[in-house]
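Fold and contact review
One letter stands for each residue in the lines below.
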Amino acid sequence: SLTKELIDNTLNEVFSKVNPECIVTHSAADIHFEHRLINQEVLYSLDSENNTYIKQLWTTVSQTYSYAYNQFSVYQPNIFIDISQYIQHKKNALNQYSIAHEIPYNTDNRSILACINYNRQLGFHVNRQYCEAYQQIFSLFETSEDNCLF
């Protein structure tokens, strides 16, 4: 069973081994409860005195439920990444996922189509064919006298 303690321990173990500079996690506005829980625990893990390596935090929502926002928070993507040259890879990966998890074809085909159409819609906003979108929560830039004008 997924518990807060298990999530905390796993995140702390991974963060201490990898020392990531950028983390992409689920949005607090995601419709899935377990995704919101992961978001909360990632934020909790980042609030450590030992966390001196993370410079960026981005969030995203489940693509098949992109319009079903949490009533208390709104997901507003502000970073778009062009995935046009990788869209076939994404379709193949989604298809393999559905096969591995034995999801009925008609149900999963609809989900795959929804994901790809969502990527197309995001691309339209920034004049690209297909995009992924993220909301940047924070970005830390280190400055010195050489690279900063004050």
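Please refer to the structure placed before this passage.
This section reports on the structure supplied with the text. On a predicted model such as this, the values are computed, not experimentally measured, just so you know.

1. Re unusual backbone geometry
Even without being glycine, Asn 19 reaches a positive phi, approximately 50 degrees. Inspection of the secondary structure puts Asn 19 in the loop between helix 1 (4-18) and strand 1 (22-26). Residue classification places Asn 19 among the partly exposed positions, given a relative accessible area of 40%. With phi around 60 degrees, Asn 127 is a residue other than glycine that occupies positive phi space. Considering the arrangement of structural elements, one finds Asn 127 in the loop between helix 4 (105-125) and strand 4 (131-139).

2. Considerations on the pattern of salt bridges
Pairs can form between side chains of opposite charge whenever their charged atoms are close. Enumeration according to the criterion identifies 4 salt bridges in this entry. Here Lys 17 ties to Glu 13 by a salt bridge, and the two come within 3.4 Å at their closest N and O atoms. Of the two residues, Lys 17 and Glu 13 are both situated in helix 1; the distance of 4 residues between them amounts to about one turn of the helix. Given the relative accessible area of 64%, Lys 17 is considered exposed. With a closest N to O distance of 2.7 Å, Glu 132 and Lys 90 form a salt bridge. A residue pair is termed long-range when its members are at least 10 positions apart, and Glu 132 in strand 4 and Lys 90 in helix 3 (residues 87-100) qualify at 42 residues. Grouping residues by exposure puts Glu 132 and Lys 90 together as buried.

About the thresholds
- Residues numbered from 1 in each chain as written.
- Predicted model: local features only at pLDDT ≥ 70, side-chain atom pairs only at ≥ 80, totals over all residues.
- Heavy atoms only, no water.
- Helix = DSSP H or I, 4+ residues; strand = E, 2+ residues; numbered from the N terminus.
- Buried < 20%, exposed > 50% of the residue type's maximum accessible area, 1.4 Å probe, protein only.
- Salt bridge = Lys/Arg side-chain N within 4 Å of Asp/Glu carboxyl O.

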